[in-house]
Amino acid sequence: MCQAHCFMNDICQSTNVSPQLDNGQWRCELNDAGGLENLNDEAGHVYYLTRNPCNSSPYIKNATCRPSFLDDDSYTCVCPAGFTGAMCNEDIDECKDELHNCSSDESCVNQLGSFICLPESTGCNGGESSQLKNYKGYSASNPALSCADVLENRPESKSAAYYLTTEGGGVACTYCHMEDVQGYTTLKDWISESRTQSEFRLPYPIYSTTFSYNSDLWTNKMPLNQSSGKSGFDHDETKMPSFWSMPFKKLCLGMQVAGQETNWITVSYQASSLHSLMSTNTHYATNVGRGRWKSLLADSSLQWNCNMEGFNVKPSEGQNDPAVTRIGILGNNENDCRSCNSRIGFGSEGSRLGQHDDNSCGNESAKSGADNGEKHIKKLLYPSSIDNR
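Residues numbered from 1 in each chain as written. Predicted model: local features only at pLDDT ≥ 70, side-chain atom pairs only at ≥ 80, totals over all residues. Heavy atoms only, no water.

Per an unreviewed UniProt entry, the protein chain is named Skeletal organic matrix protein 5, and its organism is Acropora cervicornis.

Undergrad: Let's hear about the state of the cysteines: which residues, and what values?
TA: Working definition: the covalent bond between the sulfur atoms of two cysteines is a disulfide. Within this structure, the stated rule accounts for five disulfides. Residue cysteine 2 pairs covalently with cysteine 28 via a disulfide, S to S 1.8 Å. A torsion of 75° about the S-S bond marks the disulfide between cysteine 2 and cysteine 28 as right-handed. Separated by 26 residues along the polypeptide, cysteine 2 in helix α1 (residues 2–8) and cysteine 28 in strand β2 (residues 28–31) bring together distant segments of the chain. Residue cysteine 2 is classed as buried on the basis of its relative accessible area, which comes to 11%. For cysteine 28, a relative accessible area of 32% corresponds to the partly exposed category. Note on cysteine connectivity: cysteine 79 is disulfide-linked to cysteine 88, with sulfurs 2.2 Å apart. Across the S-S bond linking cysteine 79 and cysteine 88, the dihedral sits near -90°, which makes this disulfide left-handed. (Disulfide = S-S within 2.5 Å. Helix = DSSP H or I, 4+ residues; strand = E, 2+ residues; numbered from the N terminus. Buried < 20%, exposed > 50% of the residue type's maximum accessible area, 1.4 Å probe, protein only.)

Undergrad: Describe the sheet that holds strand β19 (residues 375–378), and please don't skip the residues or the numbers.
TA: Strand order in the open sheet formed by six strands is β14-β15-β16-β17-β18-β19, with antiparallel pairing between adjacent strands. The sheet terminates laterally at β14 (284–285) and β19, the two strands that pair on one side only. Across seven bridges, strand β16 (residues 324–332) lies against strand β17 (residues 342–349) in antiparallel orientation. Counterpart to valine 324 in the pairing with β17 is glutamate 349. (Pairing = 2+ DSSP bridges.)

Undergrad: I'd love a proper account of the nonpolar core, names of residues and values included.
TA: Residues Leu253, Val267, Leu274, Trp293, Phe311, Ile327 and Phe346 are the most contacted members of the largest nonpolar core, which totals 27 residues. A per-element tally of this core places strand β12 (residues 248–256) first, with four residues. Ignoring any residue separated from it by four or fewer positions in sequence, one finds valine 267 in contact with Lys249, Lys250, Leu251, Leu253, Thr286, Val288, Trp293 and Phe311. By size, the runner-up hydrophobic cluster in this structure holds 11 residues, among which are Ala144, Cys147, Tyr162 and Met178. (Core = buried A, V, L, I, M, F, W, Y, C linked by side-chain atoms within 4.5 Å. Contact = heavy atoms within 4.5 Å.)

Undergrad: How would you sum up the packing of aromatic side chains? Please name residues and give values.
TA: For the structure shown, the criterion picks out six aromatic pairs. Ring centres of tyrosine 138 and tyrosine 162 lie 5.3 Å apart, and the angle between their planes is 75°; on these two criteria the pair is classed as edge-to-face. With tyrosine 138 in the loop between β9 (114–119) and α2 (147–153) and tyrosine 162 in strand β10 (residues 160–165), this pair connects stretches of sequence that are 24 residues apart. Taken as a pair, tyrosine 138 and tyrosine 162 share a single burial class, namely buried. Pairing tyrosine 269 with phenylalanine 311 gives two aromatic rings, centres 5.2 Å apart and planes at 65°, and the pair type is edge-to-face. In this pair, tyrosine 269 sits in strand β13 (residues 263–271) while phenylalanine 311 sits in strand β15 (residues 305–313), placing the two residues 42 residues apart along the sequence. Taking the relative accessible area as the measure of exposure, tyrosine 269 reaches 22% and is therefore partly exposed. Pairwise contacts between aromatic rings join Tyr135, Tyr138 and Tyr162 into one cluster. Stacked on the ring of tyrosine 213, the Lys or Arg arginine 326 has its end atom at 4.2 Å from the ring centre. (Phe/Tyr/Trp six-rings, centres within 6.5 Å; stacked < 30°, edge-to-face > 60°. Lys NZ or Arg CZ within 6 Å of the ring centre and 35° of its normal.)

Quick look at the structure:
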């Protein structure tokens with residue numbers, strides 16, 4: 001009977017059963033910990049420890065694991081709100097199952113583990129007419145797969161925020177840039193390849209370290225300041241769900257000094273998302289070339305050797321706080337990549353030989369062996385996908 005009480009208690013891992021009391025009953029004590037350490041013997045008491053398969057955390061975050069107290073390592077999962085299934089890894093579609101509380105003039109949009117209620121036809125920016133709601137991306141109930149999907153369904157669509165699908169069936173208002181990019185200095189045929197860009201955007205204020213190399217924002221699936229994701233290339237930091245949801249074949253990267261035009265380059269690389277690259281912390285090489293990386297910044301400087309470039313650019317044998325960058329290129333005055341003293345990139349760190357460790361976006365270079373002397377150039381960053389799936 002005591003074991004049954006433990007089974008029904010979400011946090012019970014073991015029990016103590018006392019000797020029979022004067023009233024003929026037994027006292028059942030439920031413990032929220034298990035194991036044989038720190039036990040105190042007490043005459044007549046019986047300690048029962050369940051075999052605890054829950055120690056391996058076989059369920060999703062926030063679910064509760066209940067061991068069965070049997071010898072077969074079986075267990076059951078108590079699911080948090082919004083999830084179901086034996087392992088609590090199946091999303092409940094509250095919209096489809098009519099478990100939502102949205103009003104008649106709102107659209108229910110399913111999210112992973114929850115739902116949201118959005119105005120049916122006002123659009124992300126609140127100004128679209130109800131006549132546009134049948135076009136993909138113009139209403140929460142009819143989201144587009146991508147910016148290209150918006151443009152294909154309505155070629156006259158302008159740069160604005162649209163409803164785009166995200167991982168797990170969610171929907172997020174995301175800015176789509178549909179026109180030429182001013183100051184685009186390389187790959188002039190970018191527009192003919194794909195007019196649609198910016199599925200995710202991570203602008204940096206000039207001295208921000210929010211997205212420095214070791215920031216968890218590069219490797220987790222947590223958005224940042226989503227409300228700013230509805231605007232264009234401004235100075236507000238934001239990380240949208242498309243960071244982990246949007247496949248791409250090219251990235252469009254821009255750097256800007258305050259008051260000047262933004263310089264742009266493209267990086268050809270195919271991936272299921274930017275998160276799929278960053279979360280592994282593995283170096284993925286690109287072939288952009290030092291000249292194109294340097295074109296992002298006027299008067300930039302880079303040491304002549306190493307020239308390791310791509311994603312997660314961090315030499316495995318680096319020493320003494322060398323340069324590292326999430327997206328970019330490294331340089332060194334020595335003929336190796338172990339002690340790089342210069343970098344151009346996005347999501348950077350490094351303090352070796354006078355580099356500014358707090359410069360997460362831009363150019364840092366020691367004087368020794370550099371092609372344009374010592375530099376400490378901090379920039380605003382605009383990385384975005386070119387959506388040409």
